[in-house]
Amino acid sequence: MKKVLVAACAAVLGVIVLVSVCLMAVVSGQQSATAAGVATSLTGVPDAYKPWITKASQACKFPALTPALLAAQLHQESGFNANVTSPAGAQGAAQFMPGTWATWGRDDDGDGNVSPFNIGDAVMSQGRFMCSLLGEAQSSGIAGDIQALALAGYNAGWNAVTTAHGIPPYPETQNYVSTILAAMPQYQGGTTAGTTVTGTGTGADAVRRAMTQLGVPYSYGGGSPGGPSTGFCDSVGGVLNGVCLATSTVGWDCSSLVQYGYWPSRHLPRTAAEQYAATSDHPVAQADLQVGDLLFWSNSTGIHHVALYAGNGQILEAPKTGQQVKISALSSKSASEYYGATRP
């Protein structure tokens, strides 16, 4: 996490620039034939880092701290170089400034030396710091992708995020966040709940993009192409056990997650019913489902749920209030309410 000189200049001049930033983790369609969604194993990561990245991810209570996020961040910070020191004085693989290291550094590898140049110490401390920032993002009420907000806090400081009420308007920070989010799929080298996203193209890329949101809470009416947000409560949804959760939960509902996955390659409309109407000219039988196809469910009120087909009989969905974005078995959904599938 390098010092942001632009932020310092802005502070001196007393200039606060508010910019609306939509960070799109656009993933190239030229990826390998097999790439996982969110994984417990990794590709493209030096062996010395893999166990520490996995351990740091598992130690955080927020599922958004995925191994792929930590790996992409480490590559952006240092290129997995444990011995590097930046011109600004940031040290080690996770590029901790000495003052920040004093707060988060621990002897995680048990060698009796607390050092940002030790891979285990650096990665575990990175994980602790990012986990804390994800907590800040989750509870802040600031609209946007909590992974993006946490990354911005790591690079520019959380005070800069709260001042801007989002990603700070610093080119370095904006590039830092967008580059890491876009790079995450290349490190996702295993499977989640038996699901491996295969192939290239718009549909596969949409699922990979949406999979970066695994573990983010459901928020009825929340979410947009720019990231998760708080939602609203009405007679249909947003309430759990008599309490309106949507207005205080930054997250996704089913159709906003689908919209986010496909954006900006395919500008799908906002609601499940609208998404069906926009794609119904390309119906797909269940036997012919491909990764990225949209599946719909309906009841007496009409189409009420949409999910992305993730392959291997699995779907990626934002299910309902009180739950999180997750992988589910298609067979676990109501067969009587299944309405059909389409291909955007």
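Note that the coordinates shown come from a computational prediction; the quantities given were computed from them, not determined experimentally.

## Considerations on helix α2 (residues 50–59)
For α2, the full list of buried residues reads W52, I53, T54, A56 and S57. Where the residues of α2 are buried, they touch α3 (67–78) and α5 (119–140).

## Quick word on the environment of Q324
Looking at the secondary structure, you find Q324 in the loop between β8 (314–317) and β9 (326–329). The class of Q324 is partly exposed, set by a relative accessible area of 37%. As for Q324 and W252, which are separated by 72 residues in sequence, their C-alpha atoms are 8.5 Å apart. Excluding residues that lie within four positions of it along the chain, Q324 makes contacts with P63, G215, V216, P217, Y218, E317 and P319. In this structure the side chain of Q324 is engaged in a polar contact, spanning 3.4 Å, whose partner is the backbone oxygen of G215.

## Considering the pairing of strand β6 (residues 294–299)
With respect to burial, β6 is a largely interior element, 5 of its 6 residues being buried. Looking at chain direction, β6 and strand β7 (residues 302–311) are connected through 6 bridges and run antiparallel. Bridge assignment links S298 to a residue of β7, and that residue is I303. Here β6 folds back onto β7 in antiparallel fashion, the turn holding 2 residues.

## Quick look at the side chain of R208
Topologically, R208 is positioned in helix α9 (residues 202–211). Here D205 takes part through its side chain, which lies 3.1 Å from a polar atom of the side chain of R208.

## Observations concerning the environment of E337
Along the polypeptide, E337 turns up in the loop between β9 and β10 (338–342). For E337, a relative accessible area of 28% gives the class partly exposed. Between the C-alpha atom of E337 and that of H304, which follows or precedes it by 33 residues, the distance is 9.5 Å. E337 has contacts with F296, W297, S298, N299 and H304, leaving out every residue within four places of it along the chain. At a separation of 2.9 Å, a polar atom in the side chain of E337 contacts the side chain of H304.

## Quick look at the packing of aromatic side chains
Here a ring pair, both rings aromatic, is described through the centre-centre distance and the interplanar angle of the planes. Counting across every chain of the model gives 12 aromatic pairs. Ring geometry for F96 against F129: centres 6.4 Å apart, planes inclined by 35°, an arrangement best described as tilted. Of this pair, F96 sits in the loop between α3 and α4 (98–104) while F129 sits in helix α5, placing them 33 residues apart in sequence. Relative accessible area serves as the criterion here: at 11%, F129 is assigned to the buried category. Measuring from centroid to centroid gives 5.7 Å for W297 and Y338, while their planes differ by 70°, and the two rings are edge-to-face.

Reading the values: the criteria
Residues numbered from 1 in each chain as written. Predicted model: local features only at pLDDT ≥ 70, side-chain atom pairs only at ≥ 80, totals over all residues. Heavy atoms only, no water. Buried < 20%, exposed > 50% of the residue type's maximum accessible area, 1.4 Å probe, protein only. Helix = DSSP H or I, 4+ residues; strand = E, 2+ residues; numbered from the N terminus. Contact = heavy atoms within 4.5 Å. Polar contact = N/O pair within 3.5 Å; in protein donor to acceptor, adjacent residues only side chain to side chain. Pairing = 2+ DSSP bridges. Phe/Tyr/Trp six-rings, centres within 6.5 Å; stacked < 30°, edge-to-face > 60°.

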